[in-house]
Amino acid sequence: MKIIHCADLHLDSKMTANLSKEQAKERKMEILRTFGRLVEYAKKNAVSAIIIAGDMFDTRNVSVTARNYVRDVIVNHPEIDFLYLRGNHDNDNFLSKLDEIPENLCLFSDKWMTYTYGKVAITGLELNKENSLTAYNTLVLNHDAYNIVTLHGQLAEYKSKDKTEVISLDELRNKNIDYVALGHVHSFAIHKLDARGVYCYPGCLDGRGFDECGPKGFVLLDIDTENDTATSTFVPFSSRVLHTVLVDVTGISTTQEAAIRMDAVVRENQYPSSCLVKFVLKGEVGVECELETDFLEEQFADYFYFCKVYDETKIQVNYQDYEKDASLKGEFVRLVSDSDLSEEEKAMVIRTGILALQGEEI
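The numbers attached to residues start from 1 for each chain and follow its sequence in the written order. Totals for whole chains, interfaces and linings use every residue, but because this is a predicted model, local features are given only for residues with pLDDT of at least 70 and side-chain atom pairs only at 80 or more, for both listing and counting. Heavy atoms from the whole structure form the basis of all side-chain values; hydrogens and water molecules are not counted.

Observations regarding the overall build of the chain
Consideration 1: Along the chain, the regular secondary structure elements total 8 helices and 19 strands.
Consideration 2: With respect to the principal axes defined by its C-alpha atoms, the chain has extents near 85 × 40 × 40 Å.
Consideration 3: Throughout, a residue-residue contact means that at least one pair of heavy atoms, one from each residue, lies within 4.5 Å. For the chain, the share of sequence-separated contacts (at least 6 apart) that also reach a separation of at least 24 residues comes to 65%.
Consideration 4: Within the structure as shown, the chain displays about 18300 Å² of accessible surface, and the carbon and sulfur contribution to it stands at 48%.
Consideration 5: The positive count covers Lys and Arg only, the negative count covers Asp and Glu only, and His and the chain ends enter neither. A charged residue contributes its charge at one atom only: NZ of Lys, CZ of Arg, CG of Asp or CD of Glu. Between the mean site of the 39 positive side-chain charges and the mean site of the 59 negative ones, the chain shows a separation of 5 Å. Where helices and strands are cited, they refer to DSSP runs of H or I of at least four residues and of E of at least two residues respectively, numbered from the N terminus. Computed with the Shrake-Rupley method and a 1.4 Å probe, the accessible areas treat only the protein chains shown as cover for residues.

Some points on the pairing of strand E14 (residues 229-236)
Consideration 1: Two strands pair when backbone bridges link them, and strand E13 (residues 217-224) and E14 are joined in this way by 8 bridges, in the antiparallel orientation. In the sheet register, Asp 224 faces E14, and the bridge partner there is Thr 229.
Consideration 2: Two strands make a pair as long as DSSP finds a minimum of two bridges between them. Once E13 ends, the chain turns through 4 residues before running back antiparallel as E14, passing Asp 228 with a positive phi of about 55°.

What about the pairing of E13?
Consideration 1: Among the 8 residues in E13, 6 count as buried, and that is most of the element.
Consideration 2: Where strand E1 (residues 2-6) meets E13, 4 bridges bridge the pair, whose relative direction is antiparallel. The partner of Ile 3 across the bridge, within E13, is Leu 221. Burial classes follow relative accessibility: with a 1.4 Å probe on protein chains only, a residue under 20% of its type's maximum area counts as buried, one over 50% as exposed, and anything between as partly exposed.

Some thoughts on unusual backbone geometry
Consideration 1: The phi dihedral of Asp 55 is positive, around 55°, even though this residue is not glycine.
Consideration 2: In this fold, Asp 55 is placed in the loop between strand E2 (49-53) and helix H2 (64-75).
Consideration 3: Assessed through its relative accessible area of 2%, Asp 55 is described here as buried.

A closer look at the side chain of Lys 216
Consideration 1: Of note, Lys 216 is situated in the loop between strand E12 (198-201) and E13.
Consideration 2: Salt bridges are identified by distance alone: a Lys or Arg side-chain nitrogen within 4 Å of an Asp or Glu carboxyl oxygen. It turns out Lys 216 is buried and unbridged, and the closest side chain with the opposite charge, Glu 212, is 6.5 Å from it.
Consideration 3: N or O atoms closer than or at 3.5 Å make up a polar contact, with two conditions inside protein: a donor-capable atom paired with an acceptor-capable one, and, for residues adjacent in sequence, both atoms drawn from side chains. Looking at Lys 216, its side chain comes within polar contact range of the main-chain oxygen of His 186, at 2.8 Å.
Consideration 4: Contact partners of Lys 216, with chain neighbours within four places excluded, come to His 186, Ser 187, Cys 204, Leu 205, Asp 206, Gly 207, Phe 234, Val 235, Pro 236, Phe 237 and Ser 238.

Describing a negative patch on the surface
Consideration 1: A cluster of like negative charges, contributed by Glu 292, Asp 294, Glu 298 and Asp 302, occupies part of the molecular surface.
Consideration 2: Assignment of secondary structure puts Asp 302 in the loop between helix H6 (293-300) and strand E18 (306-311).
Consideration 3: For Asp 302, a relative accessible area of 76% puts it in the exposed group. Any residue with relative accessible area above 30% and no salt bridge may belong to a patch, with like charges joined within 9 Å and the nonpolar Val, Leu, Ile, Met, Phe, Trp and Tyr side chains within 5 Å.

Section: the sheet that holds strand E10 (residues 179-183)
Consideration 1: With respect to topology, 6 strands assemble into an open sheet ordered E5-E6-E7-E10-E12-E11, the strand pairing being mixed. At either end of the open sheet lies a strand with only one pairing partner, and these are strand E5 (113-117) and strand E11 (189-192). Between one strand axis and the next, the sheet turns by 20° as a mean value, whatever way the strands run.
Consideration 2: Relative to E12, E10 runs parallel, the two being bridged by 3 bridges. Bridging across to E12, Tyr 179 finds its partner in Val 198. Simply put, an axis is a line fit to the C-alpha atoms, just over the touching stretch for a helix, and the angle between two N-to-C directions goes from 0 to 180 degrees.

Considerations on the pattern of salt bridges
Consideration 1: Under the defined criterion, the tally for this structure stands at 16 salt bridges.
Consideration 2: Between Lys 28 and Asp 12 there is a salt bridge; the shortest N-O distance is 3.7 Å. Residue Lys 28 is located in helix H1 (residues 21-44), and its partner Asp 12 is located in the loop between E1 and H1; the two are separated by 16 residues in the primary sequence.
Consideration 3: Since its relative accessible area comes to 25%, Lys 28 is described here as partly exposed.
Consideration 4: By relative accessible area, Asp 12 is classed as buried at 7%.
Consideration 5: For Arg 27, the salt bridge identified is with Glu 30, shortest N-O distance 2.7 Å. Here Glu 30 and Arg 27 lie together in helix H1, a separation of 3 residues that amounts to about one turn.
Consideration 6: Among the ionic contacts, a cluster of salt bridges with common partners joins Arg 27, Glu 30, Asp 206 and Arg 240.

Some thoughts on the packing of helix H5 (residues 255-269) against H6
Consideration 1: H6 packs onto H5 with a crossing angle of 45° between their chain directions and a minimal axis gap of 10 Å. In terms of orientation, H5 lies oblique with respect to H6. For H5 against H6, the interelement crossing comes out right-handed. The segment H5 lies against H6, with Thr 255, Gln 256, Ala 258, Ala 259, Met 262 and Asp 263 engaging Phe 295, Leu 296, Gln 299 and Phe 300.
Consideration 2: All residues other than Ala, Val, Leu, Ile, Met, Phe, Trp, Tyr, Cys, Pro, Asp, Glu, Lys and Arg, Gly among them, are scored as polar; the first ten of these are nonpolar and the last four charged. Class assignment for the residues of the contact of H5 with H6 results in 6 nonpolar, 3 polar and 1 charged. The cut-offs work like this: below 35 degrees is roughly parallel, past 145 is roughly antiparallel, 65 to 115 is roughly perpendicular, and the gaps in between are oblique. The sense of a crossing depends on the near helix, which, turned anticlockwise from the far helix by less than a right angle, makes the crossing left-handed and, turned clockwise, makes it right-handed.

As for the side chain of Asp 178
Consideration 1: Along the chain, Asp 178 turns up in the loop between helix H4 (169-172) and E10.
Consideration 2: Separated by 2.7 Å, the side chain of Asp 178 and the backbone nitrogen of Asn 147 make a polar contact.
Consideration 3: Within the structure, Asp 178 has its side chain in polar contact with the side chain of Arg 196 (distance 2.9 Å).
Consideration 4: Once residues within four sequence positions are removed from consideration, Asp 178 is found in contact with Ala 145, Tyr 146, Asn 147, Arg 196, Gly 197 and Val 198.

This is the structure we're talking about:
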């Protein structure tokens, strides 16, 4: 039996943090379409069930377009069961607006529910304030089944009395679990739970911001109950990939020198033009270094779908160079050097002042 484990789709996300209005609309539709492509993949690969471990939607008010699209995709694939466990971003808005719940949309609740497929049992529970402390004591699983437990939340070693979304690893151990299908963390991770089972976050299906960089996708489970074997494979699947690219610009003097360093990193890593890139400039530069991030963004705009440049360089001041400088610049540097500012503040003030004296716009 093949099962897809995905989570944190965040469909209908506004996508307005960095993108233009047109790009935000396009990315919103792309992410919605990624869900459709996922189901097409499931059909082509004879997947019997898709576990959605929370946060299928991003907002409380799901748009008509997103609601209709998700419903139609589910209804048009009756050969696949969709096991939907709501997360902290989900509510009843999607379900309550449906004329009827599709037969192949299997829901979980605040009590343990199990869906059985031969020797495979998929059990899940939506954690809340009322059940978070007692849920583990009521989880009873058949030793002879392949047991998948679905939850949405942040992992911790032990129970938490403060946050309902915290999942206790300790309380899940030695309960005949083979695979814990988790949602909430947006990066892929899989680790041993105990001698028998593992726990896994598939990560989000499609990255939306630069806190979600790198390959995104889902996990494909292939379970052979006859031979008691199972494999789990992470499948990269996002429509676009986001990258944070660190560029060492130590020693440069001009913006164009920074551009040459950036171009070299891009060529070395061969980032595709469809991706979204955030360049972070690192290293030490002199106080008279001319570095214009807006110009760099314009210069690299045609390289990628979206590009942003951040200047996180440190300023290196050699005060000896200005000790005998009789110019206004030298007097300014000496004045700042004798102030009570921190070394970092002195460097910033000196750099800003020198750029102003050179006629640069601050």
